[in-house]
Amino acid sequence: MTDKDSEVKRKKTGTITFRLVSSLLEELKKETELEKTNLNSLVSKILSNHVQWERYERKAGLLPMTKPFVKHAINTMTDKQIINLAQKIEKEAFRDIMIFTKGGHSLSEFVEILRSWLNVAWMQHYIEKKENSYSFIIQHDLGKKWSLYVKTMVSELSHDVLGQEMEVKTTGSTISIIFTSK
């Protein structure tokens, strides 16, 4: 049994019944077939996304944007402009989002917010938690300027908000982040 399996088994569950419009239920069933999952897992994922992120989106001032728009917008900026944006504007906004959604800004809260953001942004990622560290590998197709933006924002937040250093490596399509717990 893996750590993830034992974590799932330790979580308490409950049972509830919902009455749904038939057309919605049919769409959910189609989704389960496409995703090769079951209805319970799909609904749990949808509700988790809502609880962890979606209920805060509008309240925190987040806007949905298309990937081509974001890629074009960020690629029209200079590296200096991207760094300025990440350091001065986005860092404060992200800190506020952490406090608004989690009530604080600890490393575990930061990791949870980052994971939630990656999930809702549909960015492929892998997270590994070891005894005293978290490792993220994020894959995207937004280019090296997006990697610079995320690297700068996460580095600034880690240093100024969390009060700790981290290691970040980037390419044009990946970002690798290692946080070490104090």
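It should be noted that the structure appears before, not after, this text.
Computed from a predicted model, the values in this text were never measured in an experiment.

Cut-offs used in this document
- Think of each chain on its own: its residues are numbered from 1, step by step along the sequence as written.
- In view of the model being predicted, local features appear only for residues whose pLDDT reaches at least 70, and side-chain atom pairs are presented and counted only at 80 or more, with totals across whole chains, interfaces and linings using the full set of residues.
- Calculated side-chain values reflect all of the structure's heavy atoms, with hydrogen atoms and water omitted.
- Only DSSP runs of H or I reaching four residues or more are called helices, and only runs of E reaching two or more are called strands; each is numbered from the N terminus.
- To sort residues, take the accessible area from a 1.4 Å probe on protein chains only and compare it with the maximum for the residue type: under 20% means buried, over 50% means exposed, and anything in between is partly exposed.
- In what follows, residue pairs with any heavy atoms lying within 4.5 Å of each other are defined as contacts.
- Only the protein chains shown count as covering a residue, and every accessible area follows the Shrake-Rupley method with a 1.4 Å probe.
- Charge counting treats Lys and Arg as positive and Asp and Glu as negative, with His and both chain ends excluded.
- Every charge is mapped onto a representative atom, which is NZ of Lys, CZ of Arg, CG of Asp or CD of Glu.
- Two aromatic rings from Phe, Tyr or Trp, using only the six-membered ring of Trp, form a pair when their centres are within 6.5 Å; if the ring planes differ by under 30 degrees the pair is stacked, by over 60 it is edge-to-face, and anything between is tilted.
- When DSSP finds at least two bridges between two strands, those strands are taken to pair.
- Among buried residues, the Ala, Val, Leu, Ile, Met, Phe, Trp, Tyr and Cys ones that are joined through side-chain atoms within 4.5 Å form a nonpolar core.
- A helix is expected to span 1.5 Å for every residue after the first.
- Helix axes use the C-alpha atoms of the stretch in contact, all axes being lines fitted to C-alpha atoms, and the angles between their N-to-C directions lie in the range 0 to 180 degrees.
- To sort the angles, those under 35 degrees are grouped as roughly parallel, those over 145 as roughly antiparallel, those from 65 to 115 as roughly perpendicular, and the leftovers as oblique.
- Helix crossings are classified by the rotation of the near helix relative to the far one: an anticlockwise turn of less than a right angle makes the crossing left-handed, while a clockwise turn makes it right-handed.
- In this classification, the charged set is Asp, Glu, Lys and Arg, the nonpolar set is Ala, Val, Leu, Ile, Met, Phe, Trp, Tyr, Cys and Pro, and all remaining amino acids, among them Gly, are polar.
- Throughout this description, the term salt bridge denotes a Lys or Arg side-chain nitrogen within 4 Å of a carboxyl oxygen of Asp or Glu.

A. Spotlight on the overall build of the protein. When helices and strands are tallied, the protein shows 7 helices and 4 strands. Taken from the N to the C terminus, the helices and strands of the protein come in the order α-α-α-α-α-α-β-β-α-β-β. Counting only C-alpha atoms and orienting by the principal axes, one finds that the protein spans roughly 50 × 40 × 30 Å. Put simply, the protein has 182 residues, and 30% of those count as buried. A separation threshold of at least 6 residues defines the contact pool for the protein, and within that pool the share at least 24 residues apart is 55%. Summed over its atoms, the accessible surface of the protein is roughly 12,600 Å², and 53% of this surface lies on carbon and sulfur atoms. Side chains of the protein carry 28 positive and 23 negative charges; the gap between the two charge centres is 1 Å.

B. The arrangement of the packing of aromatic side chains in detail. Taken as a whole and judged by the stated rule, the model has 2 aromatic pairs. With centroids separated by 6.2 Å and ring planes inclined at 80°, the aromatic side chains of Phe136 and Phe179 adopt a geometry described as edge-to-face. Placement of Phe136 in strand 2 (residues 133-139) and of Phe179 in strand 4 (residues 174-180) is noted, with a sequence separation of 43 residues between them. No difference in accessibility class separates Phe136 from Phe179, as the two residues are buried.

C. Structural context of the pairing of strand 2. The element strand 2 is largely enclosed, with a buried count of 5 among its 7 residues. Once strand 1 (residues 124-130) ends, the chain turns through 2 residues before running back antiparallel as strand 2. When strand 2 meets strand 4, the two strands line up antiparallel, connected through 7 bridges. By the bridge assignment, Gln139 is partnered in strand 4 with Thr174.

D. Focus on the side chain of Ser135. Within the secondary structure, Ser135 sits in strand 2. Taking relative accessible area as the criterion, Ser135 reaches 17% and is therefore assigned buried. Beyond its immediate sequence surroundings of up to four residues, Ser135 is in contact with Tyr126, Ile127, Glu128, Ile177 and Ile178.

E. Representation of the nonpolar core in the model. Among the nonpolar cores identified, the biggest contains 33 residues, and Phe110, Trp117, Phe136, Trp146, Tyr149, Ile177 and Phe179 are the most heavily contacted of them. Look past the residues within four positions of Phe110 in its chain and what remains in contact with it is Phe94, Met98, Val154, Leu157, Leu162 and Phe179.

F. Inspection of helix 7 (residues 144-161) at higher detail. The first and last C-alpha atoms of helix 7 sit 25 Å apart over 18 residues, in line with the 26 Å expected at 1.5 Å per residue. Of all 18 residues that make up helix 7, 13 are buried, and the element is covered over most of its length. At the C-terminal side of helix 7, Gly163 shows a positive phi close to 70°.

G. Up close: the packing of helix 5 (residues 79-102) against helix 7. Contact geometry for helix 5 and helix 7: axes closest at 8 Å, N-to-C directions at 45°. In this view, helix 5 runs oblique relative to helix 7, as classed from their interaxial angle. Crossing of helix 5 over helix 7 shows right-handed handedness. Residues Asp79, Ile82, Ile83, Leu85, Ala86, Gln87, Glu90, Lys91, Phe94 and Arg95 of helix 5 form the contact with helix 7, whose participating residues are Lys145, Leu148, Tyr149, Thr152, Met153, Glu156, Leu157, Asp160 and Val161. When its residues are assigned to classes, the contact of helix 5 with helix 7 shows 10 nonpolar, 2 polar and 7 charged.

H. Here's a closer look at the pattern of salt bridges. If you walk through the whole model with that rule in mind, you get 3 salt bridges. With its nearest N and O atoms 3.4 Å apart, the salt bridge here joins Glu27 to Lys30. Of the two residues, Glu27 and Lys30 both sit in helix 2 (residues 22-35), 3 residues apart, roughly one turn of that helix. A residue is classified by how much of its surface remains accessible, and Glu27, at 46% relative accessible area, is partly exposed. Owing to a relative accessible area of 47%, Lys30 belongs among the partly exposed residues under this scheme. Across the salt bridge formed by Lys67 and Asp141, the nearest N and O atoms sit 3.0 Å from each other. Highlighted residues: Lys67 in helix 4 (residues 67-75) and Asp141 in the loop between strand 2 and helix 7, separated in sequence by 74 residues.

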